[in-house]
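Descriptive structure summary
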Amino acid sequence: MNIAFMQRALALAQRPPRRVSPNPAVGCVIVRDGSVIAEGVTQPPGGPHAEIMALRMAGRRAQGADLYVTLEPCCHTGRTPPCAEAIIAAGVRRVFIGALDPNPLVDGGGVEMLRAAGIEVSAICEAAAARQIAPFQRFLDGRPWVTLKAAVTLDGRIATTRGDSKWITGEVARADAHRLRAGADAVLVGAETARLDDPRLNVRMVEGDDPLRVVLDARLSLSVEAQILGAQAIILHGPVVDPAHARALAATGARLWSLPVDEAGRIDLHAALRRLAAELGVIHLLVEGGGQLHGALLSAGLADELIFYIAPKLIGEGRPVLALPSVDEIAQGWRLRDLEITPMGEDVRVRGLIERSADVHGLD
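Residues numbered from 1 in each chain as written. Predicted model: local features only at pLDDT ≥ 70, side-chain atom pairs only at ≥ 80, totals over all residues. Heavy atoms only, no water.

Turning to the layout of surface pockets, a few remarks are in order. Which parts of space are left empty comes out when a probe the size of a water molecule is rolled across the atoms. If you add up the space inside the largest pocket, you get close to 1,200 Å³. Along the walls of the largest pocket sit 41 residues, with Ala13, Gln14, Gly183, His284 and Arg351 positioned nearest its centre. Listing elements by their share of the lining of the largest pocket, those giving two or more residues are α1 (3–14), α5 (126–140), α6 (171–182), β13 (305–311), β15 (334–344) and β16 (347–356). Residues belonging to the lining of the largest pocket are distributed by class as follows: 19 nonpolar, eight polar and 14 charged. Estimates place the volume of the second largest pocket at around 780 Å³. Surrounding the second largest pocket, 28 residues form its lining, Leu216, Arg266, Gln292, Leu293 and Ala296 being those nearest its centre. Looking at the lining of the second largest pocket, the elements with two or more residues in it are α7 (191–197), α10 (291–299) and β14 (318–320). When residues in the lining of the second largest pocket are grouped by element, the largest group, five residues, is from α10. Looking at the lining of the second largest pocket residue by residue, the class counts come to eleven nonpolar, nine polar and eight charged. (1 Å grid on protein atoms, 1.4 Å probe; cavity = no way out; pocket = protein on both sides within 12 Å on 5 of 7 lines; lining within 4 Å. Points joined across faces, edges and corners; volume = space filled by probe spheres on them. Helix = DSSP H or I, 4+ residues; strand = E, 2+ residues; numbered from the N terminus. Nonpolar A, V, L, I, M, F, W, Y, C, P; charged D, E, K, R; others polar.)

Structure follows, in structure tokens:
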């Protein structure tokens, strides 16, 4: 057992070459005589899983070798045959897994199949692997993993009062943000952000596939000239007031999804997320603002992770990064756990999992 080999597998899973949703991204490393002889990562849906990619690379050398994989090998036939059967057929001696597969079709069955064939199976780097698979677990529960992302000044602003936000952070931070966008299945913004910033929400500065572009626009007020529109765009809206405008938006190639609204005309965020997961297989949803949308998701208990790129700048009054109701006590607020603080050129990236006291606030 060597932790370095599992860490390599985790790194492979962190950035697959192509988007693999609705499957989880998995990394696999095959080791013989203390050296890596093959690697693999999950391919897009319908393609080979990470274990199969690595076994193909290893060929006959896989016999008697050790296999490190970030997620328990599958034991059922879906779009592809069971990976556990392929591992057995290859003659692998030992298998080290990071996390058990939370999919009810597997959930320990892969380990049982391997052990029944006489293969030694052990767990390694369980915490890191479980953290990596958390978005897939959330997806199995019926909604995407939601990451709130923002570029923010030191005094908590994402734009001036006039809406200027270019550029709060430097190139290093912006490139990292585009890597984050490339790894997401979809990017969500509110109608105000779409109108004021007119974002493209595509991947630039780095290589990667463009995510789906989603706009929360309850009143269907988005301009037909908006850069966000096109075949990759989805507009989440309430009751249609202007059918002609709705047809014009649909003519751009964008999909219009009608969703329930509350008495104030706000879209049901739970319903929106469930539909993105069920109909489009969205595992990871990156939310890029604005402050009202960030605050609404946080208040609804629907935000899992926060990534803020903080610039050493002060601009005074401006658009806040989070629009939240006040709490009476500090203990009633939110906190970040598993915190990571990373320098990004002149800026700093703060990343952590969002946590709030369930017993006080009844949040899940």
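Okay, back to it.
Let us look at the sheet that holds strand β3 (residues 66–71). Taken in spatial order, the five strands make up an open sheet running β2-β1-β3-β4-β5, and their pairing is mixed. Only two strands of the sheet have a single neighbouring strand rather than two, namely β2 (35–41) and β5 (120–123). Each neighbouring strand pair of the sheet contributes to a mean axis angle of 20°, computed without reference to strand direction. Alignment of strand β4 (residues 94–99) against β5, held across four bridges, turns out to be parallel. Bridge pairing in β5 links valine 95 to valine 121. Against the sheet, α1 contacts β1 (27–32), β2, β3 and β4, and its axis sits at roughly 150° relative to β1. Running over the sheet, helix α2 (residues 50–58) touches β1, β2 and β3 and is turned about 140° from β2. (Pairing = 2+ DSSP bridges. Axes fitted to C-alpha atoms, helices over the stretch in contact; angles between N-to-C directions. Contact = heavy atoms within 4.5 Å.)

Further remarks concern the side chain of arginine 174. Positionally, arginine 174 belongs in helix α6. Of the side chains with opposite charge, glutamate 171 comes closest to the buried, unpaired arginine 174, at an N-O distance of 4.4 Å. Setting aside residues no more than four positions away along its own chain, arginine 174 makes contact with Trp167, Thr169 and Met205. (Buried < 20%, exposed > 50% of the residue type's maximum accessible area, 1.4 Å probe, protein only. Lys, Arg positive; Asp, Glu negative; His and termini not counted. Salt bridge = Lys/Arg side-chain N within 4 Å of Asp/Glu carboxyl O.)

A few words now on the packing of aromatic side chains. Applying the stated criterion across every chain, the model contains three aromatic pairs. Between the aromatic rings of tyrosine 68 and phenylalanine 96, the centroid separation amounts to 4.6 Å while the plane-to-plane angle is 20°, which identifies the pairing as stacked. Of this pair, tyrosine 68 sits in strand β3 while phenylalanine 96 sits in strand β4, and the two are 28 residues apart along the sequence. The pair formed by tyrosine 68 and phenylalanine 96 is uniform in burial state, with each residue classed as buried. An angle of 25° between the planes, with centres 6.4 Å apart, marks the rings of phenylalanine 136 and phenylalanine 139 as stacked. Placement of the pair is phenylalanine 136 and phenylalanine 139 together in helix α5, with a separation of three residues, close to one helical turn. You'll find phenylalanine 136 and phenylalanine 139 in the same group, each marked buried. An aromatic cluster is present here, built from Phe5, Tyr68 and Phe96 joined pairwise through their rings. The ring of tryptophan 167 is capped by arginine 174, whose NZ or CZ atom sits 4.5 Å from the centre of that ring. In this arrangement the basic side chain of arginine 275 is found over the ring face of tryptophan 257, its NZ or CZ atom lying 4.2 Å from the centre. (Phe/Tyr/Trp six-rings, centres within 6.5 Å; stacked < 30°, edge-to-face > 60°. Lys NZ or Arg CZ within 6 Å of the ring centre and 35° of its normal.)

For the structure on display, the rule yields 18 salt bridges. Between arginine 181 and glutamate 288 there is a salt bridge whose closest N-O contact spans 2.8 Å. Residue arginine 181 is found in helix α6, and its partner glutamate 288 is found in the loop between β12 (284–287) and α10; the two are separated by 107 residues along the sequence. Each member of the pair, arginine 181 as well as glutamate 288, carries the same accessibility label: buried. Counted as one network, the salt bridges with shared partners bring together Arg335, Arg337, Asp338 and Glu355.

Below, the discussion takes up the packing of helix α3 (residues 83–90) against helix α4 (residues 109–116). Running from N to C, α3 and α4 cross one another at 20°; their axes reach a closest spacing of 9 Å. Classified by the angle between their axes, α3 and α4 sit roughly parallel to one another. The crossing of α3 and α4 is right-handed. Contacts between α3 and α4 involve Ala84, Glu85, Ile87 and Ile88 on the former and, on the latter, Gly110, Met113 and Leu114. (Parallel < 35°, antiparallel > 145°, perpendicular 65-115°, else oblique. Left-handed = near helix turned anticlockwise from the far one by under 90°.)

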